[in-house]
Each structure stands twice: as structure tokens, then as C-alpha cells.
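Chain by chain, the residues run as shown.
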Amino acid sequence: MSLTLYKPNSKNSGCAFSFRAGINKNKEPTIYVSAIQQFSWDSSKKTGNFSGNRENPDKNINVKFNEFEIGGMLSAFKHRHEYSTFHAFDDNKTSIKLTPWDKPNREGGTLPAFGIVFSRNGNQVFRLPLEPGEVESITHFFKSFFSDLFSHRKREEIKARKNLKEKQEPKEAEDAPF
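Residues numbered from 1 in each chain as written. Predicted model: local features only at pLDDT ≥ 70, side-chain atom pairs only at ≥ 80, totals over all residues. Heavy atoms only, no water.

(A) Quick peek at the side chain of Glu 28. Position of Glu 28 among the secondary structure elements: in the loop between strand S2 (15-23) and strand S3 (29-37). Ignoring anything within four residues of it in the chain, the contact list for Glu 28 reads Gly 22, Ile 23, Leu 149, His 152 and Arg 153. (Helix = DSSP H or I, 4+ residues; strand = E, 2+ residues; numbered from the N terminus. Contact = heavy atoms within 4.5 Å.)

(B) Structural context of helix H1 (residues 67-79). The end-to-end C-alpha distance of H1 is 18 Å, a good match for the 18 Å that 13 residues give at a rise of 1.5 Å each. Among all positions in H1, only Glu 67, Glu 69, Ile 70, Gly 72, Met 73, Leu 74, Ala 76 and Phe 77 are buried. With a side-chain oxygen lying 2.9 Å from the backbone nitrogen of Phe 68, the N-terminal cap of H1 falls on Asn 66. Positioned one or two residues after H1, Arg 80 has a phi angle of 55°, which is positive. (Expected span 1.5 Å × (residues − 1). Buried < 20%, exposed > 50% of the residue type's maximum accessible area, 1.4 Å probe, protein only. Polar contact = N/O pair within 3.5 Å; in protein donor to acceptor, adjacent residues only side chain to side chain.)

(C) Highlighting the pattern of salt bridges. The tally for this structure, following the rule as stated, stands at 9 salt bridges. One salt bridge connects Glu 131 with Lys 103, and the closest N-O pair in it is separated by 2.5 Å. Here the residue Glu 131 occupies a position in the loop between strand S10 (124-130) and helix H2 (132-168), and Lys 103 occupies one in strand S8 (residues 92-104), the gap between them amounting to 28 residues. Linked through salt bridges whose partners overlap, the residues forming this network are Glu 28, Glu 67 and Arg 153. (Salt bridge = Lys/Arg side-chain N within 4 Å of Asp/Glu carboxyl O.)

(D) Seen up close, the environment of Asn 92. With respect to the helices and strands, the residue Asn 92 is situated in strand S8. On the basis of relative accessibility, which here comes to 29%, the residue Asn 92 falls in the partly exposed class. The spacing of Asn 92 and His 152 is 60 residues in sequence and 31 Å in space, taken between C-alpha atoms. With residues up to four places along the chain from it excluded, the contact list for Asn 92 reads His 87, Arg 120 and Asn 121. Polar contacts involving the side chain of Asn 92 include one to the side chain of Asn 121, which spans 3.0 Å.

See below:
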């Protein structure tokens, strides 16, 4: 299951983020987020291209989140507060920040929006503004992840209890004389 947001712009500074539910090395559901920077802009069609940066490691990033980080993001969405975390892998240091902001609307009011920023090694920045509807979609995506994760853990716990119970039950002797 995945959810992808493309945000190209005429300044050629857009990003695409893909949120994907997958399985980690412990065979548990987990969330992966990939981001890629915009490669080009076609002003005649008013479209952006991202695929040109697919093979450039400086222009894309992959991050795996645990359930507590996802919970922190859900809390930030719900209560409109900032959330930040930090990941280190090999020589890469990545800060992740989710920030609420008020987006002006056409009627002179504001909409409750968010921005998500991944900053790797201080100089590679992946930025995505999130509209209210996108925040709702990501929220439901994350909640679905939690449902899958807890269902998986419950199944594993039931399986472990059953195996323990079977080990503790006395076995009947196969060569009993009766």
C-alpha cells in the first residue's frame, strides 16, 4: 500500500514524496518514505519531471519510520504542533521536521496546512507542503499501518502462546502397554 504526492513547480524546486507500507527485517509492518527532488519543468505543458533524478543519490532519499515516530506525526497533525526527529545511517545524518502553517486562501482566511522537510547532511533538502486533504489522507494511511502492525503483533503473540502451551503439555507415551 502506498500514497504518493507530486508537487512540481515552475521554479524547479518541487519534490515528490511516497509513503509506503512495507515489511521490515523482523517481518513486521513498517512505514518507508521516499522523496525525490524535481528534475525539470516543462513550461509549455506546466508539468514537472522527477524521473531524471531517479539515479542521482543526492536527489533522492529513503527513510524508515518506527511506530513511535508515526505516532509523533499523528499527534502533530491532530494537535497542530511541530514534530521533529533525527536519523543517522552510514555517513548520512538526516533531520526530519513536520511543521504546521496557515496557508492563505482565496477568501482572505487561512487553511490549516503542514510542511514536511527532510534535510540530509545539512545541504540536501526535500520539502513538501501538505494541504489539509493530504494531511487527512496521510493520517488515515498511518492509522491503517497501526491497524496492520497491531494485528500482526496480536497474531504473533497468539502463535507464541500456542507454541508455549504445546511445549508444556505432557506427551502421551507412544509405547504405553494399554
